[in-house]
Amino acid sequence: MLDCVIIGGGPAGLSAALVLGRSRRHVTLFDNNQARNKVTHESHGFLTRDGVTPSELRAIARRDLEKYPSVQVKDVAIAQVSKQLDGTFLAFTEQGEAFRARKIILAAGLKELLPDIPGLREHYGKSLFSCPYCDGWEIRDQPLVVILDDPHVYHMAMTTSNWSKNLAICTNGANVLTPEQADKLRSKGFQVFFQRISGIRGQGGQMRSIVFEDGSEIARSAGFVGSKLKHATPIAESLGCGLNEKGGIIVDDLGKSSVEGVFAAGDNAVIMPSQLIIAAAGGSRAAMGVNMALTLEDF
């Protein structure tokens, strides 16, 4: 019987494993190595690790865990979790192996559904990014583009303007800006394009231009693109965890979900803002919640 199964080996899950290991809890962390930031060459904004690659950050964290004998890491995915009548949980790997635990931490993060624009994936993570706070500094003062087909585009444009005043906003055929918003953006010297994008041109991941369906083209060297987000696994839904208006798992101040014994941390709980350091903090918080719940049960 494990004290806790942690599903997800990103910053949230690794941080939770570290805190629980230091709390002398027997935990197993499951990681399928499908991190959303895998395409990124560098990760930023993480104190003492600014510019580290995602794989390096995970490797350093795993080495930290090796000091704690009650923590195990398995490079397999959890496919299903079921709650038992006695309140414990059975977690099944994709290979069918079962692990019983008293508590669960969901830290599998999110998956991105990028717009279906030819050439976008070839540039994503190299010159097109999702978060100005993560990658804005590296592309500052360049001719940038913001591609987003929902009303959040106005907020994204405002935010991105902190890094460059040479800005083009593309809604890819969606009428998601009010006339007042479009006028405000233009008054700042930004270009606004409502037509659909037919492709992104560049070479070796370095973007050169945006091409529209009417044949027109604008030169851009980098930028940001919005995506739809969904949970990396359906486990939270299958367990009956409540979700907030953004789709994140509802948790209290110590990461406890609406399902007794289930905790959540990282992007699958926060949704936005999505940053490594925020995810790691959430993992630490959820681990404290798990340890406190176990202590209260046993005391």
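First, a word on scope: everything that follows refers to the structure included in this document. Treat the numbers as computed from the prediction; the structure is a model and nothing was measured.

Overview of the nonpolar core
Logical step 1: With 24 residues, the main nonpolar core has C4, I6, L20, I105 and V290 as its most contacted residues.
Logical step 2: Ignoring anything within four residues of it in the chain, the contact list for C4 reads L20, H26, V27, T28, A101, K103, I104, I105 and V290.
Logical step 3: Judged by nonpolar contacts, the second largest core, of 21 residues, contains V81, F89, A91 and A264.

With respect to the packing of helix α1 (residues 11-22) against helix α9 (residues 276-298)
Logical step 1: Two elements in contact, α1 and α9, have axes whose closest approach is 7 Å; the angle formed by their N-to-C orientations is 40°. Considering how the two elements wind past one another, α1 and α9 form a crossing that is right-handed. Judged by residue contacts, P11, A12, S15, A16, V19 and L20 of α1 engage L276, A279, A280, G283, S284, A287, M288, V290 and N291 from α9.
Logical step 2: Within the contact of α1 with α9, the residues separate by chemical class into 11 nonpolar, four polar and no charged.

A look at the environment of Y68
Logical step 1: With respect to the helices and strands, Y68 occurs in the loop between α2 (54-65) and β3 (71-74).
Logical step 2: Residue classification places Y68 among the buried positions, given a relative accessible area of 15%.
Logical step 3: Residues Y68 and R22, spaced 46 residues apart in sequence, show a C-alpha to C-alpha distance of 6.9 Å.
Logical step 4: If we skip the residues at most four places from it in the chain, Y68 touches L18, G21 and R22.

Quick look at the pattern of salt bridges
Logical step 1: All told, the structure shown has 12 salt bridges when counted by the stated rule.
Logical step 2: Note that D75 and R62 form a salt bridge whose closest N and O atoms lie 2.6 Å from each other. Of this pair, D75 sits in the loop between β3 and β4 (78-83) while R62 is found in helix α2, placing the two residues 13 residues apart along the sequence.
Logical step 3: For E217, the salt bridge identified is with R201, shortest N-O distance 3.1 Å. With E217 in strand β14 (residues 217-219) and R201 in strand β12 (residues 197-203), this pair connects stretches of sequence that are 16 residues apart.
Logical step 4: Three or more residues are tied together by salt bridges with common partners; here these are D3, R102, K103, E297 and D298.

Notes on the packing of aromatic side chains
Two numbers describe a pair of aromatic rings. These are the distance of the centres and the angle of the planes.
Logical step 1: Counting across every chain of the model gives three aromatic pairs.
Logical step 2: On the numbers, 5.0 Å between centres and 70° between planes, the contact of F30 with F99 is edge-to-face. With F30 in strand β2 (residues 27-30) and F99 in strand β6 (residues 98-106), this pair connects stretches of sequence that are 69 residues apart.
Logical step 3: For F30, a relative accessible area of 2% puts it in the buried group.

Re unusual backbone geometry
Logical step 1: Note that the residue after M272, namely P273, is joined by a cis bond; omega there is 0°.
Logical step 2: One can find P273 in the loop between α8 (267-270) and α9.
Logical step 3: Backbone geometry places D141, a non-glycine residue, at a positive phi of 65°.
Logical step 4: Examined against the element boundaries, D141 turns out to sit in the loop between α4 (132-135) and β9 (144-147).
Logical step 5: At I271, a residue that is not glycine, the phi angle is positive and equals roughly 65°.
Logical step 6: When you line up the elements, I271 lands in the loop between α8 and α9.

Conventions we followed
Residue indices begin from 1 for each chain and proceed along its sequence in written order. Side-chain atom pairs in this predicted model are given and counted only at pLDDT of 80 or more, local residue features only at pLDDT of at least 70, and totals for whole chains, interfaces and linings cover all residues. Excluding hydrogens and water, the side-chain figures rest on all heavy atoms present in the structure. In these notes, a set of buried Ala, Val, Leu, Ile, Met, Phe, Trp, Tyr and Cys residues joined through side-chain atoms within 4.5 Å is what counts as a nonpolar core. Only protein chains enter the accessibility calculation, which uses a 1.4 Å probe; a residue is then buried when its area is under 20% of its type maximum, exposed when over 50%, and partly exposed in between. We call two residues in contact when some of their heavy atoms are within 4.5 Å. Note on definitions: angles span 0 to 180 degrees between N-to-C directions of axes, and those axes are lines fitted to C-alpha atoms, for helices only across the stretch in contact. The helix and strand labels rest on DSSP assignments: H or I over at least four residues marks a helix, E over at least two residues marks a strand, and numbering proceeds from the N terminus. Take the far helix as the reference: if the near one is turned anticlockwise from it by less than a right angle, the crossing is left-handed, and if turned clockwise, right-handed. For this scheme, ten residues count as nonpolar: Ala, Val, Leu, Ile, Met, Phe, Trp, Tyr, Cys and Pro. Four count as charged, namely Asp, Glu, Lys and Arg, and the remainder, Gly too, count as polar. The salt bridge definition used is simple: a Lys or Arg side-chain nitrogen within 4 Å of an Asp or Glu carboxyl oxygen. Put simply, two rings from Phe, Tyr or Trp (the six-membered ring, in Trp's case) pair if the centres are within 6.5 Å, and we call them stacked under 30 degrees between planes, edge-to-face over 60, tilted for the rest.

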